[in-house]
Amino acid sequence: MSTRIAIIGPGAIGGTLAALLQTRADLSVSLIARTPFAALSVEQPDGSVLSSSPPVLTTPSTPAEAFDWVFVATKAYDASSVAPWLNALLSPITKIAILQNGVEHRQRFAELVPAAQLLPVMVDLPAERTAPGVLRQRGPALLRVPADPLGEAFVALFADTAVDVKTSDDFLSVLWRKLTINAPGAVNALLDQPNHIVQQPAIAELMRGIMLEVITVANAEGAQLDPTLADKILASMRRAAPDGINSLHADRRAGRTMEVDARNGAVVRAGQRHGIPTPLNTMAVTLLTALQPKT
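Keep in mind that what you see is a predicted model, and the values were worked out from it rather than measured.

Visitor: Now, about the packing of helix α7 (residues 201–221) against helix α8 (residues 229–239): what can you tell me, with residues and values included?
Guide: Packing of α7 against α8 leaves a shortest axis separation of 9 Å and a crossing angle of 140 degrees. As summarised for this structure, α7 and α8 are arranged oblique, according to the angle between their axes. Crossing handedness for the pair α7 and α8: right-handed. On α8, the residues that touch A204, M207, R208, M211, L212 and I215 of α7 are L229, A230, D231, I233, L234, M237 and R238. Looking at the contact of α7 with α8 residue by residue, the classes come out as 10 nonpolar, no polar and 3 charged.

Right, here's the structure in full:
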């Protein structure tokens, strides 16, 4: 009997993972989107293409047979729009995996999903969507989850796929490390400049300051991050493609709502809880919020 998986948000992350999961014959994958599309096509880093035609659901309704897993792969600010789907799909056997940015996965969905059925997931997957159902995966897919029975069940879904997925005994540090990587992307979004600006010493120092605030707050939250992480991330950024664009910057260029609240905003909120000043992240949140598209 196939394991039934529904993926809410078949964009860069959700669509790529759907294609990779469908390389297993014992998994049945359905996509949940605002508008339907006929096929899923994902170009792999080696140039090969994964093509499939999974069912695409567009209207919330209770399925005849319960889903074993529901992946939420929408933007972090879309949690409220996901609620009707979770109400329809959640059953006593359904496990909900939250594949979003930030460190507040559980808080974001606490009122929508029982804690025992909710799994936060750290996602590191460079991919982009060029059209509905048309995606390009630029690098390896890496997922990390807590080391508990739900996390172990999630890892088992990806057996024999091209996804690096593991449990972590220190998942809190994993989440905050990823946020440390994401946080300086606010500078690119503010300046509307791709990755090459990290080569400018003053810009690099600003990014380093943003990351050091994240690291200080993370450690107050119980994570274990070394301050030298900021320098390691800067070195990696300097080696990256100069024309690379992070997702926050890409959203600003496209006129979409930016995930600044889930990223730098989470740093500010945690800093306030511990009485730790976060002036650089606060500035980034203030300015990027002012640049959000008007709705």
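Visitor: Summarise unusual backbone geometry; cite the residues concerned and give the values.
Guide: We note that D160 has phi near 65 degrees; this positive angle belongs to a residue other than glycine. When you line up the elements, D160 lands in the loop between α4 (149–157) and β12 (163–168). Since its relative accessible area comes to 77%, D160 is described here as exposed. Notably, D192 is not glycine yet its phi reads approximately 55 degrees, a positive angle. Take D192: its relative accessible area is 31%, and that puts it in the partly exposed class.

Visitor: Could you give an account of the pattern of salt bridges, naming the residues involved and the relevant values?
Guide: Applying the stated criterion across every chain, the model contains 14 salt bridges. Two residues, D26 and R24, come together in a salt bridge whose shortest N-O distance is 2.5 Å. Assessed through its relative accessible area of 16%, R24 is described here as buried. A salt bridge links R208 to E205; the shortest N-O distance between them is 3.7 Å.

Visitor: Can you break down the UniProt feature "domain: Ketopantoate reductase C-terminal" (unreviewed entry) in the protein chain residue by residue, with the values?
Guide: According to UniProt, the positions carrying the feature "domain: Ketopantoate reductase C-terminal" (unreviewed entry) are residues 170–292. This span, residues 170–292, is 66% helix and 0% strand, and a straight line between its end C-alpha atoms measures 34 Å.

Visitor: Describe the UniProt feature "domain: Ketopantoate reductase N-terminal" (unreviewed entry) in the protein chain, with residues and values.
Guide: In the numbering used here, UniProt assigns the "domain: Ketopantoate reductase N-terminal" (unreviewed entry) feature to residues 5–144. A helix fraction of 19% and a strand fraction of 35% characterise residues 5–144, whose end C-alpha atoms lie 18 Å from each other.

Visitor: Let's hear about the sheet that holds strand β10 (residues 134–137): which residues, and what values?
Guide: Ordered by their spatial adjacency, 4 strands build an open sheet running β4-β3-β10-β9, and the pairing between neighbours is mixed. Edge positions in the sheet fall to β4 (49–52) and β9 (127–131), since each has one partner strand and no second. Strand-to-strand twist of the sheet, defined as the mean angle between neighbouring strand axes without regard to direction, takes the value 20 degrees. Strand direction decides the pairing type here: β9 and β10, joined by 4 bridges, are antiparallel. Residue pairing across strands places R129 opposite L135, the latter belonging to β10.

Visitor: Quick rundown of the packing of aromatic side chains? Include the residues and the values.
Guide: When we look at a pair of aromatic rings, we describe it by the centre distance and by the angle of the planes. For the structure shown, the criterion picks out 5 aromatic pairs. Aromatic side chains W69 and F154 sit 5.7 Å apart centroid to centroid with 65 degrees between the ring planes, which places their arrangement in the edge-to-face category. Within this pair, whereas W69 is found in strand β6 (residues 69–72), its partner F154 is found in helix α4, the two being separated by 85 residues in sequence. In this structure F154 comes out as buried when scored by relative accessible area, which is 0%. Taken together, a centroid distance of 5.1 Å and an interplanar angle of 55 degrees make the contact between F154 and F158 tilted. Note on accessibility: F154 and F158 belong to one class, buried. Three or more aromatic residues joined by ring pairs form one cluster here, namely W69, F71, F154 and F158. Looking at R4, its charged tip hangs above the ring of F67, at a distance of 4.3 Å from the centre.

Criteria and thresholds
Residues numbered from 1 in each chain as written. Predicted model: local features only at pLDDT ≥ 70, side-chain atom pairs only at ≥ 80, totals over all residues. Heavy atoms only, no water. Axes fitted to C-alpha atoms, helices over the stretch in contact; angles between N-to-C directions. Helix = DSSP H or I, 4+ residues; strand = E, 2+ residues; numbered from the N terminus. Parallel < 35°, antiparallel > 145°, perpendicular 65-115°, else oblique. Left-handed = near helix turned anticlockwise from the far one by under 90°. Contact = heavy atoms within 4.5 Å. Nonpolar A, V, L, I, M, F, W, Y, C, P; charged D, E, K, R; others polar. Buried < 20%, exposed > 50% of the residue type's maximum accessible area, 1.4 Å probe, protein only. Salt bridge = Lys/Arg side-chain N within 4 Å of Asp/Glu carboxyl O. UniProt positions renumbered as here; feature names shortened; annotations may be inferred. Pairing = 2+ DSSP bridges. Phe/Tyr/Trp six-rings, centres within 6.5 Å; stacked < 30°, edge-to-face > 60°. Lys NZ or Arg CZ within 6 Å of the ring centre and 35° of its normal.

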